Amino acid sequence: THARITIDRDFTIADVPRRLFGSFVEHMGRCVYTGIFEPGHPQADERGFRKDVLALVREMGPTVVRYPGGNFVSGYRWEDGIGPAADRPVRIDGAWHTIETNAFGLHEFVDWAREADVEVMEAVNLGTRGVEAARALVEYANHPGGTHWSDLRRRNGAADPFDIKLWCLGNELDGPWQIGHKTAHEYGRLAQEAAKAMKLVDDSIELVAVGSSGRSMPTFGSWEHTVLTHAYDEVDYISMHAYYQEHDGDAESFLAEAVEMDAFIDGVVATIDAVRAAGKHTKQVDISFDEWNVWYQSGLDTDDQPHRVSKTWREHPRLIEDTYSVTDAVVVGTFLNSLLRHGDRVKIANQAQLVNVIAPIRSEEGGSAWRQTSFWPFERMARLARGRILQTAVSASQITTKRYGDVDAVDAAATWDEESGRVVVFVANRSLVDASDLTVDLHGFSDLRLLKAETLTIPEGGDRHTANLEAAPDAVHMVPLTAAEVVDGAVRATLPALSWSVIELG
Ligand code: AHR
């Protein structure tokens, strides 16, 4: 098959929002306990942070990490996680049918985030709690001192405020499974009042209202419209969540899911702007795509599925520890491309989650930590997408899919960093069988040379299901994309079937 991509230095979308490369740590399964935090592990530091996991997190390069949930936050009392660890209450977490010891809480997360060099994105509980607990948490975290909550933070060992800028006004409250599920009107008013009260404590914070838990939610569209009609002036972002998986061996449709992600984003942008127009607002609300990933929610009946685990009450059970294949990694690469293409409106995005729970990094209790296949596209894009996002005009052979009809065989995004002169093209070949002859026309860029070209694809001796397992942690990684070259102002390369590639020019 063939593909031609045209980029032009005069046709840009936006500055790369660095918060697009976010991740998520929930008190769920083994993301916190035996993931980022495992006192007694041979690699743990004096605070119990796993240094092997931290090294992988730093390598992967998330810029911002959402915490502490997720469904968990809708039943959480943040005060349970502060103060001397020995005095913290052990509680039941209804969301995941788990015993929560509270050994890890806000201070630990802030300390960990500093070590990992990531911004904290904190979610408040608007499921079982409301305005009072939310504004108290902002005071605790961000007020310098001399008040009840800020002095308590100081007594708990943090003299300086945490200065958390990004806050989520609850989680997935449109979902019937959520503790404290609400109608759009109930939530819209609560979000508006919580936002107002939180900004009265610290007017420098940015707030994310809860959007739909997925495009297939029956209230999708009307939920965003109603919530924003109430809270437009008080919030800065509305959230999106989306999880995708392969159904019934239909890999072609799965590889085209970024088409669905593009349409989902466009729908939310349209809804935001309709509310903005009708309300005669001047401010622009943007999107925080604060949960996205591949997640095998159906079809798997392994021991880490919530319906099996929920028969007992346990601390940090194994939950949704999906193992990702080459195919999954290519799909993750196309999701990153989609998010980048929408960087004019999607300003924050968080891959869910960071460690063990549908995660790019895995770890075993007392054992090793390793990179899943999906680690690689995230790491490459987080490191290399700098400067301006370029428009990508794609003309490509088509692939016929059951769910999305004919789609482009290649999926692309690109950035240009004027300062360093670097142009980076991220491009997936969705075809399971055919390589693609790629041409990238570089308009307005003189004298670009090829610096590096790499690809993630099926390794020698493997197939599209090949994954990185504890016993073979490096089976899938980025390899050189051979025979890529720049000829007469255009890149020429051959993209292997089922691949996600990075072409660096400068
Ligand atoms: O990331 C796993 C779960 O997915 C989160 O807790 C919830 O917000 C979503 O449904």
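It should be emphasised that the depicted structure is a prediction, and the values quoted were computed from it without experimental measurement.

(A) Fine view of the overall build of the protein chain. Within the protein chain, the regular secondary structure consists of 11 helices and 27 strands. Relative to a compact globule of 506 residues, whose C-alpha radius of gyration would be 23 Å, the protein chain shows 23 Å and is just as compact. Projected onto its principal axes, the C-alpha coordinates of the protein chain cover approximately 65 × 55 × 45 Å. Taken over 506 residues, the protein chain has a buried fraction of 49%.

(B) Seen up close, the sheet that holds strand β25 (residues 485-487). Here 5 strands make up an open sheet; going across it, the order is β17-β1-β22-β26-β25 and the pairing mixed. Each having just a single partner strand, β17 (393-396) and β25 make up the two edges of the open sheet. Strand after strand, the sheet turns through a mean of 20° between neighbouring axes, direction not considered. With 7 bridges joining them, strand β1 (residues 2-8) and strand β22 (residues 436-443) adopt parallel strand pairing. Following the sheet pairing, alanine 3 is matched in β22 by leucine 438.

(C) A look at the site of the ligand. Near the ligand you find Glu26, Met28, Gly69, Gly70, Asn71, Asn171, Glu172, Ser213, Glu291, Ala352 and Gln353, and these make up its full shell. In terms of residue class, the shell around the ligand is built from 2 nonpolar, 6 polar and 3 charged.

(D) Structural context of the pairing of strand β19 (residues 405-408). Strand direction decides the pairing type here: strand β18 (residues 398-401) and β19, joined by 4 bridges, are antiparallel. Within the sheet, the bridge partner assigned to isoleucine 399 lies in β19 and is valine 407.

(E) Representation of the domain arrangement of the protein chain within the structure. Structurally, the protein chain comprises domain 1 (17-185 + 290-384) and domain 2 (389-505). Domain 1 and domain 2 are separated by 31 Å when their C-alpha centres are compared. Taken together, the contact pairs 24 residues of domain 1 with 25 residues of domain 2. Elements represented by at least two residues in the side of domain 1 that touches domain 2 include exactly α10 (326-341), β15 (369-371) and α11 (375-384). Broken down by element, the side of domain 1 that touches domain 2 gets its largest block of residues, 9 residues, from α10. Partitioned by chemical class, the residues of the side of domain 1 that touches domain 2 number 10 nonpolar, 10 polar and 4 charged.

(F) Molecular detail of the UniProt feature "domain: Alpha-L-arabinofuranosidase C-terminal" (unreviewed entry) in the protein chain. The UniProt record marks residues 290-499 with the feature "domain: Alpha-L-arabinofuranosidase C-terminal" (unreviewed entry), using the residue numbering of this structure. Between the end C-alpha atoms of residues 290-499 the distance is 26 Å, and the span holds 14% helix and 38% strand.

(G) The arrangement of the sheet that holds strand β5 (residues 91-93) in detail. The sheet built from 3 strands is open, its strands ordered β5-β6-β12 with mixed pairing. With partners counted over all chains shown, the strands left at the sheet margins are β5 and β12 (314-315), one partner each.

(H) Main features of the packing of helix α6 (residues 222-231) against helix α8 (residues 257-278). Put simply, α6 and α8 touch, their axes get as near as 9 Å, and they point 35° apart. Helix-helix and strand crossings are classified by hand; for α6 and α8 the assignment is right-handed. Contacts between α6 and α8 pair Glu224, His225, Leu228 and Thr229 from the former with Val268, Thr271, Ile272, Ala274 and Val275 from the latter. In terms of residue class, the contact of α6 with α8 is made up of 5 nonpolar, 3 polar and 1 charged.

(I) Representation of the nonpolar core in the model. With 155 residues, the main nonpolar core has Val65, Leu169, Ala191, Ala209, Val235, Ile361 and Val425 as its most contacted residues. With 9 residues, the single largest contributor to this core is α10. Each of two domains, domain 1 (17-185 + 290-384) and domain 2 (389-505), supplies a minimum of three residues to this core. Not counting the four nearest positions on each side in its chain, valine 235 is found in contact with Ala191, Ala195, Leu207, Val208, Ala209 and Val285.

(J) Representation of the environment of isoleucine 164 within the structure. Within the secondary structure, isoleucine 164 sits in the loop between α4 (148-155) and β8 (166-169). Measuring from C-alpha to C-alpha, the distance between isoleucine 164 and valine 138 comes to 8.2 Å, with 26 residues separating the pair along the chain. Dropping the residues within four chain positions of it, isoleucine 164 is found in contact with Val120, Glu122, Ala141 and Asn142.

(K) Expanded view of helix α1 (residues 51-60). Taken together, the buried positions of α1 are Val53, Leu56, Val57 and Met60. End-on, the buried residues of α1 take up no more than an arc of 100°, which puts them together on one face. Structurally, α1 contributes buried residues whose contacts are with α2 (106-116), β14 (361-363), β15 and α11. Looking one or two places after α1, you find glycine 61, whose phi comes out positive at around 80°.

(L) Region of the structure containing the confidence of the model for the protein chain. Looking at the protein chain, the pLDDT average stands at 97 and 100% of residues meet or exceed 70. With pTM at 0.98, the complex prediction returns an ipTM value of 0.99.

(M) Representation of the environment of tryptophan 376 within the structure. Mapped onto the elements, tryptophan 376 comes out in helix α11. Through-space distance from the C-alpha of tryptophan 376 to that of valine 332 is 9.5 Å; in sequence the pair is 44 residues apart. The residues touching tryptophan 376, leaving out its near neighbours within four places in the chain, are Ala329, Leu456, His477 and Met478.

Rules used in this analysis
- Residues numbered from 1 in each chain as written.
- Predicted model: local features only at pLDDT ≥ 70, side-chain atom pairs only at ≥ 80, totals over all residues.
- Helix = DSSP H or I, 4+ residues; strand = E, 2+ residues; numbered from the N terminus.
- Rg over C-alpha atoms; globule rule 2.2 N^0.38 Å.
- Buried ≥ 20, exposed ≤ 12 C-beta atoms within 10 Å, placed from the backbone.
- Pairing = 2+ DSSP bridges.
- Axes fitted to C-alpha atoms, helices over the stretch in contact; angles between N-to-C directions.
- Near = placed C-beta within 6 Å.
- Nonpolar A, V, L, I, M, F, W, Y, C, P; charged D, E, K, R; others polar.
- Domains from an automatic or database assignment.
- Contact = placed C-beta atoms within 7 Å.
- UniProt positions renumbered as here; feature names shortened; annotations may be inferred.
- Left-handed = near helix turned anticlockwise from the far one by under 90°.
- Core = buried A, V, L, I, M, F, W, Y, C linked by C-beta atoms within 7 Å.
- Arc of directions from axis to C-beta.
- pLDDT = per-residue confidence, 0-100.

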